[in-house]
Amino acid sequence: MKRYKSLIRLFTHSSLVAGALLLSTTGCKNLLEEVPVSQVSSAYASTPNGFESVVKAAYASLREYYGREGAMTLSVFGTDTYTMGADGSYKFVNQYTSQINAQLDITRDLWNAFYKAINTINVALDAADGIAGLDETIRKRRIAELKFLRAHHYFILVQTFGPVTLLTKGNLLPNKEYTRTPVKDVYAQIVSDLESSLTDLGTPTSDYGRVTKGAAEHLLARVYLTRATDKDAMAADDFAKAATHAQNVINNYTYSLLPDFAGVFAQGSGEVNSEVIFATQYTTDPISNVGTNTGYNTTTTSNVTINGNQTHLYFGMEYDVQAGMMRDIQNGRPFKRFRPTDYLLNVVFAEKDRVNDSRYKKSFKDTWLSNNPSKTTPIFDTSKSSLKFNAGDTTIFIPGYEMPLAERAKRPYQVLVPSLYRPNLFPTLQKFLDPLRQNVNYEPGSRDFIMFRLAETYLIAAEALIKQGKPAEAVPFINAVRRRAAWPGKEKSMEITAAQATMDFIMEERERELLGEMHRWFDLKRWGKLVERVKLYNPDGGPNIQAHHVLRPIPQDQIDRTTGGLANYPQNPGY
């Protein structure tokens with residue numbers, strides 16, 4: 001299978017973000033071609049090769065968001081399911097303090113990265129119709145891909161910030177005249193871009209990594225589902241359209257659920273399987289992970305910034321200083337940033353349900369094997385006073401329930417039970433671990449970040465049907481996901497009835513299936529539940545969260561570079 005990669009370091013030239021492109025098409029992650037280009041002008045996009053290069057630059061902008069520390073902080077952290085661990089620079093985002101303000105770097109960098117990408121896209125779209133020698137089928141397909149990417153970026157921006165500047169033409173000269181476009185109009189452009197892209201996008205091909213019609217329909221379903229809940233933008237048929245597009249993805253393409261939930265995240269030559277609809281691509285080759293330094297966590301080598309997929313860093317506990325252990329590549333570099341809430345562990349993944357549902361066991365790592373047997377302390381398990389290990393012995397086990405003290409005492413290793421959970425010791429989400437990194441301290445990971453997968457499509461269809469008062473029609477979509485999640489022989493026990501197909505159920509089922517995959521903050525916002533659920537289930541965020549936190553602050557940089565400042569580019573309320 002051919003894999004499509006765009007390898008890019010972005011610079012600004014005459015307001016066109018494109019230059020210094022390292023562009024490639026790859027086969028199974030083998031780099032075939034490198035074409036360095038610098039001092040790019042708008043004319044470059046008007047040639048067939050230049051146009052293709054700029055399209056690839058637009059794809060690379062996805063790596064400014066998916067798998068990045070800032071975006072993970074803004075989408076996973078500060079919700080009902082994840083609070084703060086022992087370490088991290090952005091605890092205040094979880095705590096909803098006054099440090100979430102117009103100077104916040106992770107919102108500023110998201111804003112700048114996506115608007116640079118949007119300008120790249122707009123310049124390419126402006127040039128597309130006048131490119132001599134460009135095959136007409138390719139031209140139409142690339143235009144459709146660019147429209148998808150522009151729609152995606154605006155969708156993230158409008159959910160995050162509310163009214164944002166809507167630009168559909170490329171800026172080739174400095175400009176300070178900007179306004180905030182109403183949410184309704186931004187959504188109209190998003191829908192228009194996606195709907196129009198469907199005509200010319202292909203179905204999945206060997207040119208893996210490019211946008212397909214299935215990806216566009218999945219995003220459209222999510223957009224309609226979200227717009228339907230926005231009082232400033234909603235249309236009466238949004239839920240119906242969300243259900244239709246989701247069902248189209250399920251029925252009209254070649255996607256299928258993998259038989260094993262854990263298989264979705266099995267690491268190999270990229271997470272390429274029948275369930276993945278669209279992904280942000282990474283690689284083990286450091287050159288392939290070159291990107292812009294947008295302020296998110298990066299590794300810099302020889303003045304080149306290497307961004308890789310860094311989700312492996314943020315969900316881990318402090319295993320590496322415990323008895324019998326030291327840091328290794330297999331178990332990851334634990335930043336101890338995102339800690340599961342009690343609600344996640346005890347309600348979403350209720351102990352009584354785990355006999356049927358495999359997703360708790362397959363989502364969380366529960367066993368560590370000794371790689372440093374001479375280390376005998378520290379000991380957190382109160383059932384024992386001393387430990388002795390041989391290499392490969394179990395050193396830590398997390399049973400997921402309060403194992404009695406007497407039973408723990410019989411085990412020749414430490415047992416981490418819920419009463420012993422703390423900010424540095426907690427269940428570790430394992431779906432993002434990356435043992436293919438170069439060394440124990442290397443941060444850029446090589447996993448593709450799965451943006452859209454079929455299990456979510458099923459849940460989008462179900463939610464849209466429930467919202468239309470059709471729970472019986474939603475049940476088959478929910479049950480398809482739950483049967484796949486069942487332990488062998490437990491499939492029937494995992495099925496639900498129409499009476500159980502409620503929004504409360506969907507709110508928990510999405511997290512059982514999609515935990516950590518950059519959905520939760522947006523889900524809670526869409527449901528109008530962010531403030532309520534953070535107050536109920538996130539003890540660190542609950543005391544401070546307020547109604548205005550359903551939007552992030554407009555970056556001060558944007559206000560300052562707009563003529564008239566706040567008068568012409570007002571800040572979101574509460575900031």
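Residues numbered from 1 in each chain as written. Predicted model: local features only at pLDDT ≥ 70, side-chain atom pairs only at ≥ 80, totals over all residues. Heavy atoms only, no water.

S.K.: Could you give an account of the overall build of the protein chain, with specific residues and numbers?
M.R.: Along the backbone of the protein chain there are 18 helices and 16 strands. A burial count over the protein chain gives 61% of its 575 residues as buried. Split by element, the accessible area of the protein chain, about 21000 Å² in all, is 51% carbon and sulfur. (Helix = DSSP H or I, 4+ residues; strand = E, 2+ residues; numbered from the N terminus. Buried < 20%, exposed > 50% of the residue type's maximum accessible area, 1.4 Å probe, protein only. Areas by Shrake-Rupley, 256 points an atom, 1.4 Å probe, with all protein chains shown as cover.)

S.K.: An account of the pattern of salt bridges is needed here, citing residue identities and associated values.
M.R.: Considering all chains together, one arrives at 46 salt bridges under this definition. With its nearest N and O atoms 2.9 Å apart, the salt bridge here joins K336 to D87. With a gap of 249 residues between them, K336 in the loop between β9 (304-306) and β10 (338-340) and D87 in the loop between β6 (82-84) and α3 (91-95) connect regions that are remote in the sequence. Here R359 makes a salt bridge to E509, at a shortest N to O gap of 2.8 Å. In this pair, R359 is assigned in helix α10 (residues 359-363) and E509 in helix α15 (residues 503-514), connecting sequence segments 150 residues apart. If you follow the salt bridges from partner to partner, you end up with E275, D357, R359, K431, R453, R482, R484, E508, E509, R512, E513 and E517 in one network. (Salt bridge = Lys/Arg side-chain N within 4 Å of Asp/Glu carboxyl O.)

S.K.: Please give an account of the packing of helix α8 (residues 238-252) against helix α12 (residues 454-467) that cites residues and values.
M.R.: Two elements in contact, α8 and α12, have axes separated by 8 Å at closest approach and are oriented at 150 degrees. As judged from the angle between their axes, α8 and α12 are roughly antiparallel. Crossing handedness for the pair α8 and α12: left-handed. Contacts between α8 and α12 involve F239, A242, A243, A246, Q247, V249 and I250 from the first element and L454, T457, Y458, I460, A461, A464, L465 and K467 from the second. A breakdown of the residues in the contact of α8 with α12 according to their chemical character gives 12 nonpolar, 2 polar and 1 charged. (Axes fitted to C-alpha atoms, helices over the stretch in contact; angles between N-to-C directions. Parallel < 35°, antiparallel > 145°, perpendicular 65-115°, else oblique. Left-handed = near helix turned anticlockwise from the far one by under 90°. Contact = heavy atoms within 4.5 Å. Nonpolar A, V, L, I, M, F, W, Y, C, P; charged D, E, K, R; others polar.)

S.K.: Describe the environment of D523, with residues and values.
M.R.: On the secondary structure map, D523 appears in helix α16 (residues 520-527). By relative accessible area, which is 2% here, D523 ends up buried. A polar contact of 2.8 Å, which involves the side chain of D523, links it to the side chain of R510. Polar side-chain contacts of D523 include one of 2.9 Å to the side chain of R526. (Polar contact = N/O pair within 3.5 Å; in protein donor to acceptor, adjacent residues only side chain to side chain.)

S.K.: How would you sum up the sheet that holds strand β12 (residues 367-369)? Please name residues and give values.
M.R.: With respect to topology, 3 strands assemble into an open sheet ordered β12-β13-β14, the strand pairing being mixed. Edge positions in the open sheet fall to β12 and β14 (414-415), since each of these has one partner strand only. (Pairing = 2+ DSSP bridges.)

S.K.: Before we move on, could you go through the environment of S370 and cite the residues and values that matter?
M.R.: Position of S370 relative to the elements: it lies in the loop between β12 and β13 (394-397). Classification of S370 by relative accessible area gives buried; the value is 6%. In sequence terms S370 and A323 are 47 residues apart; their C-alpha atoms lie 8.4 Å from each other. With sequence-adjacent residues up to four places away left out, S370 is seen in contact with G324, M325, F389, N390, A391, G392, D393 and T395.

S.K.: Account for the nonpolar core, with residues named and values stated.
M.R.: If you look at the biggest cluster of nonpolar residues, it comprises 151 residues, and the most contacted ones within it are F148 and I190. The residues contacting F148, other than those within four sequence positions of it, are L194, V211, A215, A216, L219, F278 and F452. Judged by nonpolar contacts, the second largest core, of 8 residues, contains Y208, V264, F265 and A279. (Core = buried A, V, L, I, M, F, W, Y, C linked by side-chain atoms within 4.5 Å.)

S.K.: An account of unusual backbone geometry is requested, with residue identities and associated values reported.
M.R.: Of note, the bond from T377 into P378 is cis; its omega dihedral lies within 30 degrees of zero at 0 degrees. Within the element layout of this structure, P378 appears in the loop between β12 and β13. In this structure, K336 takes a positive phi of about 60 degrees despite not being glycine. Residue K336 is classed as buried on the basis of its relative accessible area, which comes to 8%.

S.K.: Got a sec to walk through the pairing of β13? Specific residues and values, please.
M.R.: Note: β12 against β13, 3 bridges, orientation antiparallel. Its bridge partner lying in β13, L369 is registered against T394. Summarising the sheet, β13 and β14 pair through 2 bridges and their orientation is parallel. When the sheet's bridge partners are listed, I396 is paired in β14 with Q414.

S.K.: Hey, could you go over the pairing of strand β7 (residues 276-280) for me, with residue numbers and the actual values?
M.R.: In terms of residue burial, β7 counts as a mostly covered element, since 5 of its 5 residues are buried. Here β7 runs beside strand β16 (residues 449-453); their pairing, made up of 4 bridges, is antiparallel. When the sheet's bridge partners are listed, A279 is paired in β16 with I450.

S.K.: Requested: an account of the packing of aromatic side chains, with residues and values cited.
M.R.: Note on aromatic pairs: each is described by the distance of the centres and the angle between the planes. Inspection of the entire model under this criterion finds 30 aromatic pairs. Across the ring face of Y360, the terminal group of R354 is positioned such that the distance to the ring centre comes to 3.7 Å. In this structure, K365 is placed above the aromatic ring of W368, and the distance from its NZ or CZ to the ring centre is 5.2 Å. (Phe/Tyr/Trp six-rings, centres within 6.5 Å; stacked < 30°, edge-to-face > 60°. Lys NZ or Arg CZ within 6 Å of the ring centre and 35° of its normal.)

S.K.: With reference to specific residues and values, describe α16.
M.R.: Among the 8 residues in α16, 7 count as buried, and that is most of the element. Of the positions making up α16, those classed as buried are R520, W521, F522, D523, L524, R526 and W527.

S.K.: Explain helix α6 (residues 183-197) to me, using residue names and the numbers behind them.
M.R.: Across its 15 residues, α6 extends 21 Å between first and last C-alpha, which sits within 8% of the 21 Å expected from 1.5 Å per residue. Inspection of α6 places V183, V186, Y187, Q189, I190, V191, D193, L194 and S197 among the buried residues, and these make up the whole buried set. (Expected span 1.5 Å × (residues − 1).)

S.K.: Quick rundown of the side chain of S446? Include the residues and the values.
M.R.: In this structure, S446 sits in the loop between β15 (428-429) and β16. Only 3.4 Å separates the side chain of S446 from the side chain of Q267, close enough to count as a polar contact.

S.K.: Give a detailed account of the packing of helix α1 (residues 48-60) against helix α4 (residues 105-128), specifying residues and quantitative values.
M.R.: Two numbers describe how α1 lies on α4: the axes approach to 9 Å, and their chain directions differ by 150 degrees. Judged by the inter-axis angle, α1 sits roughly antiparallel to α4. α4 is crossed by α1, and the crossing has left-handed handedness. Where α1 approaches α4, its residues F51, V54, A57 and A58 are matched on the opposing element by T120, I121, A124 and A128.

S.K.: So what's going on with the confidence of the model for the protein chain? Residues and values would help.
M.R.: Of the residues in the protein chain, 88% reach a pLDDT of 70 or more, and the chain-wide mean stands at 90. Within the model, the stretch residues 1-39 combines pLDDT values under 50 with 148 contacts to residues more than four positions away or in other chains. A low-confidence stretch, residues 292-304 stays under pLDDT 50, and its non-local contacts, those more than four residues away or across chains, total 40 contacts. (pLDDT = per-residue confidence, 0-100.)

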